[in-house]
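Chain residues, written in single-letter form:
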Amino acid sequence: MACTPLLIIFLVKVLKPKPVVKEVPPEYEQIESDEPRVVIIGMGRMGQIVARILRAQRVPFVALDLSVDTIELSRSIDSMPVFYGDPLRPEILRAVGAEHAAYFVLTADDPETNIKITELVSRLYPHIKLIARARSRFHVHRLLELGAQPIRETFHSSLEISRETLMGLGLSPERAEARIRRFQLHDEELLAQQHLVFNDREALIQSVRDAHEELQALFDADVIEEKGL
């Protein structure tokens, strides 16, 4: 009886079907690119939106991904110029015409992948501007150090959720917007200040504590001002 749980765990591991690794169709690896202005790395949900907007604006771009399913979907539905290739390989960057690009947009799920690509592209093509998906504040600081422009992946959606919540709790749309705008400006200023000490854990913790009090004071001041109107 005592061995039963261990036996079940062993059987689950042994009998669990292994993920099917799809073979990469040769046409996915045959990169065709004609002086793109933008190179997109990663064609998940974020990359797809960027690609659709660029295409609607008639901006020439090319995209890379390492998922056969993602490439297949992008090509079948939207006929996107998406190819299979590892952006950490310099020959792949040359194949997409990276030297002609003005921007690299990095939307890969893995933060470390975005960091490594940023390092490589910055070294090989210092003229290119990089906009990179950032998962955390620490990731933001690392990207800033490399000269990339980080975009926090959940920040704006969190602000929108907060706005809707405040209005649901009785704030007018105007006052909810004012609170959200106040928070956004305060947080952006805080992020810039924290970048100066992001390797100092104690200083970061203290800055967060101070920020809570500052934000509360700012919100209280807004309430006083509104009551005086």
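Each chain carries its own residue numbering, running from 1 in the direction its sequence is written. Totals for whole chains, interfaces and linings use all residues, but because this is a predicted model, local features are given only for residues with pLDDT of at least 70 and pairs of side-chain atoms are given and counted only at 80 or more. Note: side-chain values were computed over all heavy atoms of the structure, leaving out hydrogens and water.

Caption draft 1: Structural view of the layout of surface pockets. Here the largest pocket defines a volume of roughly 800 Å³. The element best represented in the lining of the largest pocket is helix 3 (residues 45-56), accounting for seven residues. Across the lining of the largest pocket, the residue classes tally to 21 nonpolar, six polar and six charged. Space inside the second largest pocket adds up to approximately 250 Å³. Whether a set of points on the 1 Å grid over the protein atoms alone is a cavity depends on a 1.4 Å probe fitting there but being unable to get out, while an open set qualifies as a pocket with protein on both sides within 12 Å along at least five of seven lines; lining residues are those with an atom within 4 Å of a point. Taken together, V140, L144, Q149, P150, I151, R152, F155, H156, E188, L191 and A192 form the lining of the second largest pocket. Grid points are joined across faces, edges and corners, and a volume is the space filled by probe spheres set on the points. Put simply, DSSP marks the helices as runs of H or I at least four residues long and the strands as runs of E at least two long, and each gets a number from the N terminus on. Just so you know the grouping, Ala, Val, Leu, Ile, Met, Phe, Trp, Tyr, Cys and Pro go in nonpolar, Asp, Glu, Lys and Arg go in charged, and all remaining residues, Gly too, go in polar.

Caption draft 2: Fine view of helix 6 (residues 111-124). What a helix is expected to span follows from its residue count: subtract one and scale by 1.5 Å. Taking 1.5 Å per residue, 14 residues should reach 20 Å; helix 6 reaches 20 Å between its end C-alpha atoms and fits that length. Each residue's exposure class comes from its accessible area (1.4 Å probe, protein chains only) as a fraction of the maximum for that residue type: buried when under 20%, exposed when over 50%, partly exposed otherwise. Here helix 6 has its buried residues at P111, N114, I115, I117, T118, L120 and V121. Contacts between residues were defined by any pair of non-hydrogen atoms, one from each residue, lying within 4.5 Å. Buried residues belonging to helix 6 abut strand 1 (38-41), helix 5 (90-95), strand 4 (103-106), strand 5 (129-134) and helix 7 (137-145).

Caption draft 3: Seen up close, the nonpolar core. We define a nonpolar core as any set of buried Ala, Val, Leu, Ile, Met, Phe, Trp, Tyr and Cys residues linked to one another through side-chain atoms lying within 4.5 Å. Judged by nonpolar contacts, the single largest core of 26 residues is most densely connected at F104 and V121. When residues of this core are traced back to their parent elements, those giving at least two are strand 1, strand 2 (61-65), helix 5, strand 4, helix 6, strand 5 and helix 7. For this core, the leading source of residues is helix 6, giving four residues. Residue contacts for V121: discarding those within four places in its chain leaves L93, F104, P126, I128 and L130. Counting 15 residues, the second-largest nonpolar core is a separate cluster that includes Y28, A51, I71 and V82.

Caption draft 4: Spatial organisation of the environment of F155. Assignment of secondary structure puts F155 in helix 8 (residues 155-168). With a relative accessible area of 12%, F155 lands in the buried category. Residues within four places of F155 in sequence aside, it is in contact with F183, Q184 and D187.

Caption draft 5: View of the sheet that holds strand 3 (residues 82-84). Spatial strand order, 3-2-1-4-5-6: six strands in an open sheet with parallel pairing. Since the sheet does not close on itself, it has two edges, and those belong to strand 3 and strand 6 (149-152), each with one partner. Neighbour-to-neighbour, the strand axes of this sheet turn through a mean angle of 20°, independent of strand direction. Two strands are counted as paired when DSSP detects at least two bridges linking them. Sheet topology note: the strand 2/strand 3 ladder contains three bridges and is parallel. Its bridge partner being in strand 3, A63 is matched across the sheet by V82. Axis lines are fitted through C-alpha atoms, for helices just across the contact stretch, and the angle between N-to-C directions can take any value from 0 to 180 degrees.

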